[in-house]
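Below are the chains, spelled out letter by letter.
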Amino acid sequence: VSSIISLSDLNVGERARVISFKNNFEASRLMTMGILPGEVIKVVQKTILGTSLFIQSENLRFALRKKEAASIIVSKE
Amino acid sequence: LSKKKTIVLVGNPNSGKTSLFNQLTGLRQKVGNFPGVTVERKLANIHLEQIGEVKLIDLPGTYSLYPTSMEENVVLDTLLNNQHEDKPNLVVYVLDSSSLENHFLLLSQLCDLQLNVVLALNMSDVLQGKGKSIDVNKLSEYLKIPIVKINGRTGEGVDSLKELMVNQIVNPSFSNTFYELNNQEKKLIQSLDSVFENENDYQKLLIVQHSKHLNFLSGDKKIIIEKFVNEIYFKRIDAQLEEIMKRFQSFSFKLKGFINQHKTPDSNFSDRLDYWLIHPFVGPFIFFFLMLFTFQAIFSWATIPMDWIDESFAFLAGFLSDNLPESVLTNLITEGILPGLSGIAMFVPQIFILFFIISMFEEIGYMSRAVYLFDGIMQRFGMNGRSIVTLISGGACAVPAIMSTRIISNWKERLITIMVTPLISCSARIPVFAILVAFLIPSFKVFYVFNSQGLIFMGLYLLGIISALLSALVFKKILKSEETSYLMIEMPDYKIPDWKNVFFNVWNKVKSFILVAGKVIFFISIVLWFLASYGGNFNEEKAEKYQTEAQQMGLDEEAVDVFVNSKKLEYSYAGQMGKLIEPAIEPLGFDWKIGIALITSFAAREVFVGTMSTLYSIGNDNPQTIREKLKNEVNPKTGKPVFTFAVALSLLLFYVFALQCMSTLAVVYKETQSLKWPVIQFVYMGAMAYFASLIAYQLFK
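As the structure is a prediction and not an experimental result, all values here were calculated from the model.

Remarks on the overall build of chain B
Scanning chain B from N- to C-terminus turns up 32 helices and twelve strands. For chain B, the spread of C-alpha atoms along the principal axes amounts to about 95 × 65 × 55 Å. Looking at the 701 residues of chain B, the share that counts as buried comes to 54%. In chain B, the proportion of contacts linking residues at least 24 apart, taken out of those at least 6 apart, comes to 73%.

And the structure:
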């Protein structure tokens, strides 16, 4: 059973698979960094107010804003 | 004479490109800007066997030729424009071996542009640490371009790389293509035939994709491109995303086959360190501790070499004035040129220390974590996670702090940070605060622990911080920007700093400060010297008159000199200007003497103390003595004390807000590459100072 949500909805420690991007700008930037649909990513940490997320994929560690994370559609496994 | 060959280094951020550049160039490198933008352009002439002198340029790190910042745009501009002065004869692509797949995207684009590329596989030692290695032979067979393993830190493989570079320039070989244009894209560039000259297909596609942001395209061409793009319903961004997908599909699987896994990696050191460093509560705490250390370093350790520089220059000036014949030239050297040079040299220790620490944080990989931690809060004020380092360093000195904004890639966020940083009270305000605070409040204990004057000090600092943040909010509203603000930043593995990179970064910062900002500082200090030393009618006769007058007052020899000097300053152009501006500053409670001090302390805030001491014939710079003297000062017109509570408060507020620092303005000019921003900054801070002082004085007088 998988549920389709935004990356920003994940809690710290949870993993999900990237399905698509709602926003072209974020899509372009993240895909050029190597985050493509199909990639499994994990939320490693969030800042105190939840303004930014620290993410890890197989090949990359990166940070993004909550708003940016909200534009990534993922499926939680 | 054939044109000098150009070689560019291209790679992703964190690919170790800078290390390689430093290996190849050493001290020959020069740092400037790319034309029209404040993006750093590092360049050096290096020697290659057979070929001779070549131009080597380190292009900014980028993930792809689909730029999201000004820096990345520079790479695109250089590679797409056939007429560009940096258009390369050879590209050295630097790739972090442990991120082969991710760093391959940009390489595949370069290959499709049919550029002459050599691949430098950097950091194989890191990959080895992860229990893996790259099969270079297979990769080379696949790519068909020369490949060499290098270690940018140790210099291993750099000689072989140089040989390959020579070979590749003499006998270029090209890779196969990775991306086939789809039908719509083909149709598009065919119908745009009139716009293009001798570009290849992928180059044409990229020009169409980015036509709006390419400076080398004429307006007419842009219009034609736009027309056809609309005509065939070409969706730029969709095409771009599809292209990126196709590229990864074309090489991802293949590349996996070139990586040999020897053993499973140990648990990752970076992950363990990150547990604490990015911890939501502990992380910021550690950051502030590190910043406290940085602050302490600029604030107090730098004073040791600064005092040394100050004394050396003072000694030299004293020596020259004693030994050279008395003349205008001697005067110019000892009171104009030497203090000007000393004023420039005084900043070097602070710049050195701040950039040593910042470069170390960058090299270690800590800076991006700090950005992650503080991006949220800084963004509310229109700034960037990196701005917090600038603002905190601004508490020691705005000059190195403003230079540190180079690492903020979004122009608007960078500009806001530059504009508000001088509002943070710097160390040069302390001497001014120290003298004036005593007029506000006597020293006593509050709640048994706090000193009353210390609390006022803290209040002044808070006022600076709050006004900086509020001004940032205003700038956020006013300034327009087409650049999208984003975080999406890679967090590199933690590593031991490459000291070479730290050294060159510090070296380049100090050098560019002296060469660019130094010139301005030097010029202004000569002007200020002239204003304070010359004036219409102070001559020998007057000097003698005041000397006799002072002697009649029964002053000793030293006091007579001091008295004559104060009269000389009164008669100087600066003195006349002080009197001239008196009507404007009278509502603030300032007389013409304070006016003179305001003018001379434009050199640097702490000059206020020296000028006051000269004007009131105090003869030394001891704050205690100056304070006592000022207390007894009476306004001859009103018969009331000059320094009342209201005047002192008004002056304090003036120094909290006003941009009384030519060096800051010089650095803002250097960093923004325009006169517009330093002028706006001077005016807005001046206006804040004026009105704050006006209100305070009128309320409390």
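Examining the pairing of strand 3 (residues 40–46) of chain A
Residues and elements named next belong to chain A. Judged from the three bridges that link them, strand 2 (residues 15–21) and strand 3 form a sheet pairing that is antiparallel. Opposite R17, over in strand 3, you have V40 as the bridge partner. Pairing of strand 3 with strand 4 (residues 52–56), which is carried by four bridges, proceeds in the antiparallel orientation. Across the sheet, V43 pairs through a bridge with I55, a residue of strand 4.

Side note on the interface of chain A and chain B
On the chain B side, the residues contacting the 32 residues of chain A number 41 residues. Between chain A and chain B, roughly 3,300 Å² of surface is buried when both sides are summed, and carbon and sulfur atoms account for 61% of that area. When the buried area of chain A at its contact with chain B is split by residue, R29(A), R61(A) and R65(A) rank highest and sum to 24% of it. For the pair chain A and chain B, the number of links is five salt bridges. Put simply, D271(B) and R61(A) hold a salt bridge, and the shortest N to O gap is 3.2 Å. Inspection of the region where chain A meets chain B yields 19 residue pairs in polar contact (both at pLDDT 80 or more).

Some thoughts on the sheet that holds strand 6 (residues 72–76) of chain A
Taking strand neighbours across the sheet as the criterion, the seven strands line up as 1(A)-6(A)-2(A)-3(A)-4(A)-5(A)-12(B) in an open arrangement whose pairing is antiparallel. Among the strands making up the open sheet, the edge pair consists of strand 1 (3–6) of chain A together with strand 12 (489–490) of chain B. In the sheet, strand 5 (residues 61–65) of chain A pairs with strand 12 of chain B via two bridges, with the strands oriented antiparallel. Along strand 12 of chain B, the bridge assignment pairs A63(A) with I489(B).

Things to note about the packing of helix 2 (residues 70–80) of chain B against helix 8 (residues 201–210) of chain B
Residue and element names in this part refer to chain B. At a minimum axis separation of 11 Å, helix 2 and helix 8 run at an interaxial angle of 135 degrees. With respect to their mutual orientation, helix 2 and helix 8 come out oblique. In this structure, helix 2 meets helix 8 at a crossing whose hand is left-handed. Contacts between helix 2 and helix 8 pair L76, L79 and L80 from the former with Q203, L206, I207 and H210 from the latter. For the contact of helix 2 with helix 8, the class distribution of residues is five nonpolar, two polar and no charged.

Side note on the pattern of salt bridges
Taken as a whole and judged by the stated rule, the model has 28 salt bridges over all chains. Its salt-bridge partner being R61(A), residue D493(B) comes within 3.0 Å of it at the nearest N-O pair. In this pair, D493(B) is assigned in the loop between strand 12 and helix 22 (499–533) and R61(A) in strand 5, connecting two distinct chains. Judged by its relative accessible area of 27%, D493(B) is partly exposed.

Here's the deal with the sheet that holds strand 4 (residues 52–58) of chain B
All names here are of chain B. Strand order in this open sheet of seven strands is 2-3-4-1-5-6-8, and the pairing throughout is mixed. The open sheet has two free edges, formed respectively by strand 2 (30–33) and strand 8 (147–149), since each of these has just one partner strand. Going across the sheet, the axis of each strand differs from the next one's by a mean of 25 degrees, ignoring polarity. Bridge count between strand 5 (residues 90–96) and strand 6 (residues 117–122): six bridges; the pairing is parallel.

Let's talk about the environment of L65(B)
Residues and elements named next belong to chain B. Relative to the elements of secondary structure, L65 occurs in the loop between strand 4 and helix 2. Once the C-alpha coordinates of L65 and E413 are considered, the two residues, 348 residues apart in sequence, prove to be 23 Å apart. In this view, L65 contacts V75, L76, L79, L106, Q109, L110, L113, L206 and H210; residues no more than four positions away in its chain are not counted.

Description of a nonpolar patch on the surface
Residue and element names in this part refer to chain B. Together, F447, Y448, V449, F450, L455, M458, L462, I465, I466, L470 and L473 make up an exposed nonpolar region whose accessible area comes to about 1,200 Å². Looking at which element gives the most residues to the nonpolar patch, the answer is helix 21 (residues 452–478), with seven residues. Secondary-structure assignment places Y448 in the loop between strand 10 (445–446) and strand 11 (450–451). A residue is classified by how much of its surface remains accessible, and Y448, at 81% relative accessible area, is exposed.

Some thoughts on the pairing of strand 4 of chain A
Residue and element names in this part refer to chain A. Of all five residues making up strand 4, four are buried, and the element is well covered by its neighbours. Adjacent in sequence and paired antiparallel, strand 3 and strand 4 are bridged by five residues, among which G50 carries a positive phi angle near 70 degrees. Where strand 4 meets strand 5, five bridges bridge the pair, whose relative direction is antiparallel. For I55, the partnering residue across the bridge sits in strand 5 and is F62. Adjacent in sequence and paired antiparallel, strand 4 and strand 5 are bridged by four residues.

Comments concerning the nonpolar core
In this structure, F513(B), F643(B) and L651(B) are the most contacted members of the largest nonpolar core, which totals 119 residues. Ranked by the residues each element gives to this core, the list is headed by helix 30 (residues 645–657) of chain B, at eleven residues. For F513(B), the contacting residues outside a window of four places in its chain are I344(B), F347(B), I351(B), V399(B), M403(B), G518(B), I521(B), V667(B) and K670(B). A16(A), V8(B), L115(B) and Y179(B) belong to the second largest nonpolar core, which has 87 residues in total.

Thresholds applied
Residues numbered from 1 in each chain as written. Chains lettered and ligands numbered in written order. Predicted model: local features only at pLDDT ≥ 70, side-chain atom pairs only at ≥ 80, totals over all residues. Heavy atoms only, no water. Helix = DSSP H or I, 4+ residues; strand = E, 2+ residues; numbered from the N terminus. Buried < 20%, exposed > 50% of the residue type's maximum accessible area, 1.4 Å probe, protein only. Contact = heavy atoms within 4.5 Å. Pairing = 2+ DSSP bridges. Buried area = accessible area lost by both parts, 1.4 Å probe. Salt bridge = Lys/Arg side-chain N within 4 Å of Asp/Glu carboxyl O. Polar contact = N/O pair within 3.5 Å; in protein donor to acceptor, adjacent residues only side chain to side chain. Axes fitted to C-alpha atoms, helices over the stretch in contact; angles between N-to-C directions. Parallel < 35°, antiparallel > 145°, perpendicular 65-115°, else oblique. Left-handed = near helix turned anticlockwise from the far one by under 90°. Nonpolar A, V, L, I, M, F, W, Y, C, P; charged D, E, K, R; others polar. Patch = residues over 30% accessible without salt bridge, like charges linked within 9 Å, V, L, I, M, F, W, Y side chains within 5 Å. Areas by Shrake-Rupley, 256 points an atom, 1.4 Å probe, with all protein chains shown as cover. Core = buried A, V, L, I, M, F, W, Y, C linked by side-chain atoms within 4.5 Å.

Any link to function would need more than the numbers given here.
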